[in-house]
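Chain residues, written in single-letter form:
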Amino acid sequence: MARAERIGNKVLAGVIAAAFIRGVGEVVASDKRWRGWREPLVRTGLAGLGGLTGYLAVTTFGRRRRR
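Just so it is clear, the structure is predicted and the values come from calculations on it, not from any experiment. Here the residue numbers are simple positions, counted from 1 along each chain's written sequence. pLDDT decides what is reported in this predicted model: residues at 70 or higher carry local features, side-chain atom pairs at 80 or more are listed and counted, and totals for whole chains, interfaces and linings draw on all residues regardless. The side-chain numbers reported here are obtained from all heavy atoms of the structure, hydrogens and water having been left aside.

Draft legend 1. Quick look at the overall build of the protein. Helix and strand definitions here come from DSSP, where helices need a minimum of 4 consecutive H or I residues and strands a minimum of 2 consecutive E residues; each element is numbered from the N-terminal end. Counting secondary structure elements, the protein contains two helices and zero strands. Rg of the C-alpha trace for the protein: 16 Å, well past the compact-globule value of 11 Å for 67 residues, more than 25% over. Taking the principal axes of its C-alpha atoms as reference, the protein extends roughly 55 × 25 × 10 Å. In the form shown here, the protein has an accessible surface area of approximately 6200 Å², with 63% of it arising from carbon and sulfur atoms. Neither His nor the chain ends contribute to the count of charged residues, in which Lys and Arg are positive and Asp and Glu negative. Charge coordinates come from a single atom per side chain, which is NZ of Lys, CZ of Arg, CG of Asp or CD of Glu. Here the protein carries 14 positive and 4 negative side-chain charges, and the mean point of each set is 15 Å from the other. Here the globule rule reads 2.2 Å times residues to the power 0.38, and the radius of gyration is calculated from C-alpha atoms. Note on areas: Shrake-Rupley, 1.4 Å probe, and residue coverage restricted to the protein chains presented here.

Encoded structure:
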C-alpha cells in the first residue's frame, strides 16, 4: 500500500506541474501585456521542469546500495 501511495504522489506532482506550465503558457501567449515576461517565464518553467525531473528521478530510483 505504501508503494502505491508513493507512486500516486509522484503522478500528482507531475500533473500539478504540467497544469501550472500550461496555464502560464496560455496567459503569456494570449495576453499582450505579458510579452516582456516571456523569456523569464520560460526560464523559470524550464528550471521548474528540471527540478521536478530531478525529484522524480531521485525518489524513483533512490540511492542504490552496493553489495
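There is more to say, and it comes next.
Draft legend 2. Broad picture of a nonpolar patch on the surface. Residues enter a patch when their relative accessible area is above 30% and they make no salt bridge; the linking distance is 9 Å between like charges and 5 Å between nonpolar side chains (Val, Leu, Ile, Met, Phe, Trp, Tyr). Any carboxyl oxygen of Asp or Glu that lies within 4 Å of a side-chain nitrogen of Lys or Arg is treated as forming a salt bridge with it. Among the surface-exposed residues, F20, I21, V42, L46 and L49 lie close enough to one another that they form a single nonpolar patch of about 500 Å² accessible area. Mapped onto the nonpolar patch, the elements with two or more residues apiece are α1 (2–30) and α2 (38–61). For the nonpolar patch, the leading source of residues is α2, giving three residues. Among the secondary structure elements, V42 is positioned in helix α2.

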